[in-house]
Amino acid sequence: MVGLNTSQIQTALYDGLGPKWSSTIYGASSQYRVLLEMDPRYQHESESLKNIAFKAPTGDLIPLESIVSFKEGVGPQSINHSGQLPSVSISFGLRPGISLGAATDHVQRVAREVLPATITPSFEGSAKVFQQS
């Protein structure tokens, strides 16, 4: 047990990896906002994570690598969101002679059969307007 909670870890990671306005310096005629961030030359190297440490309530510095394991892999550059939830967009077109109602019914049926219960499908665009009418 290292004496850290998730909030302390999150704050330290955000301070180290994300820019954070930490204070404002007031001069005689100007103000200067102070931005706290990791030196940009280290922001693109995964090895830099080994330089992050947390201050425990006891005052000891606890290296990040003592509480997590590192594994490099391929992942997305960004994650789309609908509101605050991660989302994926799937587009579909209508075959000649197929109504929008029949198509949305079919998409919903397939979604119920294929997707896990933790996924909430919803329509956007014309299909959403159709459902709302």
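For the structure, check the block above.
A quick note: this is a predicted structure, and the numbers were derived from the prediction, not measured. (Residues numbered from 1 in each chain as written. Predicted model: local features only at pLDDT ≥ 70, side-chain atom pairs only at ≥ 80, totals over all residues. Heavy atoms only, no water.)

Participant: I'm lost on the environment of Leu-64 in this one. Help?
Facilitator: Inspection of the secondary structure assignment puts Leu-64 in the loop between β4 (61-63) and β5 (81-82). Look at Leu-64 and you get buried, because its relative accessible area is 4%. Sequence separation of Leu-64 and Ile-9 is 55 residues, and the distance between their C-alpha atoms is 8.7 Å. Setting aside residues no more than four positions away along its own chain, Leu-64 makes contact with Leu-13, Leu-49, Ile-52, Ala-53, Phe-54 and Phe-70. (Helix = DSSP H or I, 4+ residues; strand = E, 2+ residues; numbered from the N terminus. Buried < 20%, exposed > 50% of the residue type's maximum accessible area, 1.4 Å probe, protein only. Contact = heavy atoms within 4.5 Å.)

Participant: So what exactly am I meant to see when it comes to the packing of aromatic side chains here?
Facilitator: Aromatic ring pairs: the centre-centre distance and the angle between the two ring planes describe each pair. The final tally for this structure, using the stated rule, is one aromatic pair. Geometrically, the ring pair formed by Phe-92 and Phe-123 is edge-to-face, given 6.2 Å between the ring centres and 75° between the ring planes. In this pair, Phe-92 is assigned in the loop between β6 (85-86) and α2 (100-114) and Phe-123 in the loop between α2 and α3 (125-132), connecting sequence segments 31 residues apart. For Arg-33, the ring lying beneath its charged end belongs to Trp-21, and the centroid distance is 4.4 Å. (Phe/Tyr/Trp six-rings, centres within 6.5 Å; stacked < 30°, edge-to-face > 60°. Lys NZ or Arg CZ within 6 Å of the ring centre and 35° of its normal.)

Participant: Help me out: how do you make sense of the pattern of salt bridges in this one?
Facilitator: As a working rule, side chains carrying opposite charge can pair if their charged atoms are close by. If you walk through the whole model with that rule in mind, you get one salt bridge. With a shortest N-O distance of 3.6 Å, Glu-47 and Lys-50 are connected by a salt bridge. (Salt bridge = Lys/Arg side-chain N within 4 Å of Asp/Glu carboxyl O.)

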